[in-house]
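So the chains spell out like this:
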Protein chains: 4
Amino acid sequence: MVRSKTSIRVRYAETDMMGIVYHSRYLPWLECARIQLLDDLGCPYREMEEMGVRLPVVEVNCRYRQPARFDDRIVVVAEVREMPRARIQIFYQVKKESGELLCEATTLHGFMNLENRPCRPPEKLRAAFATHFTLR
Amino acid sequence: MVRSKTSIRVRYAETDMMGIVYHSRYLPWLECARIQLLDDLGCPYREMEEMGVRLPVVEVNCRYRQPARFDDRIVVVAEVREMPRARIQIFYQVKKESGELLCEATTLHGFMNLENRPCRPPEKLRAAFATHFTLR
Amino acid sequence: MVRSKTSIRVRYAETDMMGIVYHSRYLPWLECARIQLLDDLGCPYREMEEMGVRLPVVEVNCRYRQPARFDDRIVVVAEVREMPRARIQIFYQVKKESGELLCEATTLHGFMNLENRPCRPPEKLRAAFATHFTLR
Amino acid sequence: MVRSKTSIRVRYAETDMMGIVYHSRYLPWLECARIQLLDDLGCPYREMEEMGVRLPVVEVNCRYRQPARFDDRIVVVAEVREMPRARIQIFYQVKKESGELLCEATTLHGFMNLENRPCRPPEKLRAAFATHFTLR
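Here the structure is a predicted model, which is why all the values come from computation and not from measurement. (Residues numbered from 1 in each chain as written. Chains lettered and ligands numbered in written order. Predicted model: local features only at pLDDT ≥ 70, side-chain atom pairs only at ≥ 80, totals over all residues.)

Novice: Looking at this structure, how should I read the sheet that holds strand 2 (residues 57-64) of chain C?
Specialist: Note: strands within a sheet are paired through backbone hydrogen bonds, in either parallel or antiparallel orientation. If you walk across this open sheet you meet the 10 strands as 1(C)-3(C)-4(C)-5(C)-2(C)-2(D)-5(D)-4(D)-3(D)-1(D), and the pairing is antiparallel. Every interior strand has two partners, whereas the edge strands, strand 1 (2-9) of chain C together with strand 1 (2-9) of chain D, have only one. Pairwise comparison of adjacent strand axes, ignoring direction, gives a mean angle of 15 degrees for this sheet. Of the pairings in the sheet, the one linking strand 4 (residues 87-96) of chain C to strand 5 (residues 101-110) of chain C comprises nine bridges and is antiparallel in character. When the sheet's bridge partners are listed, Tyr92(C) is paired in strand 5 of chain C with Ala105(C). Across the face of the sheet, helix 1 (residues 26-40) of chain C comes into contact with strand 1, strand 2, strand 3 (73-80), strand 4 and strand 5 of chain C while running at roughly 130 degrees to strand 1 of chain C. (Pairing = 2+ DSSP bridges. Helix = DSSP H or I, 4+ residues; strand = E, 2+ residues; numbered from the N terminus. Axes fitted to C-alpha atoms, helices over the stretch in contact; angles between N-to-C directions. Contact = placed C-beta atoms within 7 Å.)

Novice: Mind showing me how you'd approach the interface of chain C and chain B here?
Specialist: Note on interface size: it is often stated as the accessible area lost on association of the parts. Opposite the nine residues of chain C that make contact, chain B presents nine residues. Here the side of chain C that touches chain B gets three residues from one element, more than from any other, and that element is helix 1 of chain C. When grouped by side-chain class, the residues that make up the side of chain C that touches chain B number five nonpolar, no polar and four charged. (Nonpolar A, V, L, I, M, F, W, Y, C, P; charged D, E, K, R; others polar.)

Novice: Can you help me understand the confidence of the model for chain A in this one?
Specialist: Detail in the predicted coordinates should be disregarded across regions flagged by low pLDDT. On average, chain A scores 95 in pLDDT, and the residues at 70 or more come to 99%. Scoring the predicted complex yields pTM 0.97 and, for the interface, ipTM 0.96. (pLDDT = per-residue confidence, 0-100.)

Novice: Help me out: how do you make sense of the sheet that holds strand 2 (residues 57-64) of chain A in this one?
Specialist: Spatial ordering of the open sheet is given by 1(A)-3(A)-4(A)-5(A)-2(A)-2(B)-5(B)-4(B)-3(B)-1(B), a layout of 10 strands whose pairing is antiparallel. The sheet is open, and its two edges are formed by strand 1 (2-9) of chain A together with strand 1 (2-9) of chain B, each paired on a single side. Each neighbouring strand pair of the sheet contributes to a mean axis angle of 15 degrees, computed without reference to strand direction. Looking at chain direction, strand 3 (residues 73-80) of chain A and strand 4 (residues 87-96) of chain A are connected through six bridges and run antiparallel. Directly across from Ile74(A), in strand 4 of chain A, lies its bridge partner Lys96(A). Most of the contacts of helix 1 (residues 26-40) of chain A go to strand 1 of chain A, to which it runs at about 130 degrees, and overall it touches strand 1, strand 2, strand 3, strand 4 and strand 5 (101-110) of chain A.

Novice: Before we go on, may I ask you to explain the interface of chain B and chain A in this structure?
Specialist: Contact with chain B, which involves 15 residues of that partner, is made by 15 residues of chain A. For the side of chain B that touches chain A, the elements supplying multiple residues, two or more each, are helix 1 (26-40) and strand 2 (57-64) of chain B. Top contributing element to the side of chain B that touches chain A by residue count: strand 2 of chain B, with eight residues. Split by residue class, the side of chain B that touches chain A holds nine nonpolar, three polar and three charged. As defined by bridge partners, strand 2 of chain A adjoins strand 2 of chain B across five bridges and the pair is classed as antiparallel. Within strand 2 of chain B, the position partnered with Val60(A) by the bridge is Cys62(B).

Novice: Is there a simple way to think about the relation of the copies chain C and chain B in this case?
Specialist: Each of the two chain copies goes to the other by way of a rotation about an axis and a shift along it. Aligned on chain B, chain C shows an RMSD of 0.0 Å; the corresponding rotation is 180 degrees and the shift along the axis is 0.0 Å. This pairing of chains is accounted for by a two-fold axis. When each C-alpha of chain C is compared by its distance to the rotation axis, Ile8(C) comes out closest, at 5.2 Å. Take the interface residues of chain C: 100% of them recur as interface residues in chain B, which is what a same-surface contact looks like. (Least-squares fit on C-alpha atoms with pLDDT ≥ 70 in both.)

Below, the structure is given as structure tokens:
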């Protein structure tokens, strides 16, 4: 398993008139955690795109447990639980710093080349993941 | 079944550097379709909030099939397939005007009062839905 | 003078916890009005980008008079008051359908080629503007 | 003069299909810097709102010098140059960590009570500002 953590401070811009964070605003937070995870693996996403590999989102699922509010200090945990092949699935927990769970989510991504065709993950990324997953 | 349609023109602001619409931007489009559905039922959401009932999003699931692009003319179809009780589930199809399917989604919402406690749907809304669902 | 009008319905996603539209959300509305103005001139922005000319925003100025609120029906008027050369300035009024003024704004844009160098407006656009401005 | 600094990492969600940050996304960054400035003064905005005083944006002016890009590490400097009275004006510089200037901006805000009427700044905030401005 590969796991990363990112800290976020909730912006006023992310709230809505219900006084809580609008549900779509969590998705960029998941992105932040994903970017951090790739950084922690030594394969920054910016580099990957420069090498011609992209990771568009194919699927998103979010369950909102408790609302996030303006100025909350949030932690987003991202986990990859299986060796990614043509696709990569990521699990997230969005929590308050106090540990209170706000949202659970998953995203599924496909590795795509610049012609928008499925491709294999970059070798560097595969190698980085391989050190975390027991080969069977 | 209750079904509604909304037309949307993709904004430049909704794209990202992949040249396509960023995945979180579909969620406000689903909102537009939901708002239209409540309008079509004669129970505008603005009125419902003024009566003290809110519909926060409890769950979102999106499957992205094809990318939407700047200036595309989009149609979002929203459907309620079962008589809502404490919760309401909505199914969406995001399509191009040509009919091409871009995204399928569902949202789940809880009826909440101003103290953020679950409550029954407003009588007017229940009556409006009841005319669409055969009582068994 | 060239003038265009666009209608917008305020999304819940555009509000903030003050119960009104967050100030940055007006900027995509100005974009909608600008896109409409180029359409009305017969030179859609999408076409212009496909021809290799872009119009990045160089300057924005907004004065917020009255708040916009969820579900408001908004009209954005965009005007070009002078023949554009290397740059184009656009004036906006954001109003309620009732006529109440919500926001006055200007944007300044530079015509840029794909190498991000200043360039002349496309001939088609210059011709379209020329029919609206008396040559002196 | 009162001055504060905030660090921001550019999100993919903040880019557009021009490959750069969409111009409206700078406004929430200015907000972050403003929030930090109030923190540094010992008067967090969240507290101020809880005390019934709000700071809606009355005016925004931005000059975009160079584009910000995905993953850039940005610093936003916010300055208050005059003792605020019924209104407060804030000056911003958005820079790369390398020092390169990306955007200069100002915002003007009015102190408002919960009835949306102009009011004086909270005493605590006035006292905090007073220590920074020579009384004449």
